[in-house]
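Per-entry structural report
Here are the chains, one letter per residue:
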Amino acid sequence: MLWKDSLKIGVEKIDEQHKTLFAQANQLASSLDYGREYQKEKAISTIVFLKEYAVTHFADEEEYQLSINDANYTEHKKLHDQFVVTVLKHEKKMLASDFAYADVCEFTGTLLAWLTYHVADVDQKIGKAAAEKSADDSYADIICECFRDVISIEIDADKDSIVKVEEHNEAFDNSVIVRHPFTHTIKGHVVFDFSVPFVHELLNKMLYSLIGISPAETEIGDFEKALLLQISTTIVENIYRRLNDRSEVNDIDISIAGTHETQPNDKISFDTGIGIVEVGLTIT
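The structure displayed is predicted, hence computed values, not measured ones.

Observations concerning the overall build of the protein chain
When its secondary structure is counted, the protein chain shows 7 helices and 6 strands. When the helices and strands of the protein chain are placed in sequence order, the string is α-α-α-α-α-β-β-β-α-α-β-β-β. Taken over 284 residues, the protein chain has a buried fraction of 48%. Within the protein chain, counting contacts between residues at least 6 apart in sequence, those at least 24 apart form 71% of the total. Taken as a whole, the protein chain presents about 13,600 Å² of accessible surface, with 49% of it coming from carbon and sulfur.

And the structure:
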């Protein structure tokens, strides 16, 4: 996950803070080294810094939004508040396990996915009016559009390059499956099935290339699952916002292929350019 000038919002103080957050997140990821030599003390010091720095950054960003009467301030602050709660939940878990490797992996995956999307999409709207989309679209269309919106940002690709495909040859053995139930405006559930090639190429873009690890050397574990859980949660949160639905994202199931039970009624396959992701829909 590298900082790029295209992520700037044009406010020097906030842009510099974003650069620091990216650098520290990368440092945390590099401290894991995928179990070969877990640098526990380095991970702890980085987590402490990130927690304190993020709170300061959120306050500065919100202060700036208020100073320009940003129409997106309330929604933006809500996202910050929700993430602080997420960080505190992970902190409690890590403290209880004395910063066990698996728990730090889980936190790091969540952090990388959230930070990438938040800075590359949400923060880009600071000071700009959010474009409202039609509420007349079908639920399936809304789900698919929100999927393409988020995935294109996480893999740093053009949204139009993520296309539906009728057939593909990609195997889904050992894929990662995340199931989100809908309980309010939409009834049913959505299932995101991430193929192994997609997972490895996503991680190669965000992490492997930074710390010199080949995807072939890694298995899908806590870090990868946490990353995909955060990405899929962001997609569902966007779906709720699109529908003006204030439901909370909860009761999520995540597993490796073969351990899930619920089969969706409809399945849509997307070629992301780095691998296939299947989106399963059951709307009742």
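Side note on helix α7 (residues 222-242)
Under the 1.5 Å per step criterion, the end-to-end length of α7 is 30 Å for 21 residues, consistent within 8% with the ideal 30 Å. Immediately beyond the C-terminal end of α7, within one or two residues, lies Asn244, with a positive phi of roughly 55°.

As for the pattern of salt bridges
Under the counting rule described, the total for this entry stands at 17 salt bridges. A salt bridge links Lys40 to Asp98; the nearest nitrogen and oxygen atoms lie 2.7 Å apart. Of this pair, Lys40 sits in helix α2 (residues 40-67) while Asp98 sits in the loop between α3 (73-96) and α4 (101-122), and the two are 58 residues apart along the sequence. Residue classification places Asp98 among the partly exposed residues on the basis of a relative accessible area of 48%. Here Lys159 makes a salt bridge to Glu145, at a shortest N to O gap of 2.8 Å. In this pair, Lys159 is assigned in the loop between α5 (139-154) and β1 (163-165) and Glu145 in helix α5, connecting sequence segments 14 residues apart. Counted as one network, the salt bridges with shared partners bring together Glu145, Arg148, Asp149, Lys159 and Asp160.

Quick look at the pairing of strand β2 (residues 176-183)
When you tally the buried positions in β2, you get 7 out of 8 residues, the bulk of the element. Bridge count between β2 and strand β3 (residues 187-194): 8 bridges; the pairing is antiparallel. Residue pairing for β3: Thr183 is matched across the bridge by Lys187. Between the antiparallel neighbours β2 and β3 lie 3 residues. Here 4 bridges tie β2 to strand β4 (residues 253-256), and the two strands are oriented antiparallel to one another. For Val178, the partnering residue across the bridge sits in β4 and is Ile254.

So, the packing of aromatic side chains
Within this structure, the stated rule accounts for 10 aromatic pairs. On the numbers, 5.1 Å between centres and 20° between planes, the contact of Phe49 with Tyr53 is stacked. One end of the pair is Phe49 and the other is Tyr53, both in helix α2 and 4 residues apart, which spans about a single turn. When its relative accessible area of 31% is taken as the criterion, Phe49 is described as partly exposed. Its relative accessible area of 22% is what places Tyr53 among the partly exposed residues.

Considering the side chain of His90
Its place among the elements puts His90 in helix α3. What His90 contacts, discounting residues up to four positions off in sequence, is Glu106, Phe107 and Thr110.

Procedures and definitions
Residues numbered from 1 in each chain as written. Predicted model: local features only at pLDDT ≥ 70, side-chain atom pairs only at ≥ 80, totals over all residues. Heavy atoms only, no water. Helix = DSSP H or I, 4+ residues; strand = E, 2+ residues; numbered from the N terminus. Buried < 20%, exposed > 50% of the residue type's maximum accessible area, 1.4 Å probe, protein only. Contact = heavy atoms within 4.5 Å. Areas by Shrake-Rupley, 256 points an atom, 1.4 Å probe, with all protein chains shown as cover. Expected span 1.5 Å × (residues − 1). Salt bridge = Lys/Arg side-chain N within 4 Å of Asp/Glu carboxyl O. Pairing = 2+ DSSP bridges. Phe/Tyr/Trp six-rings, centres within 6.5 Å; stacked < 30°, edge-to-face > 60°.

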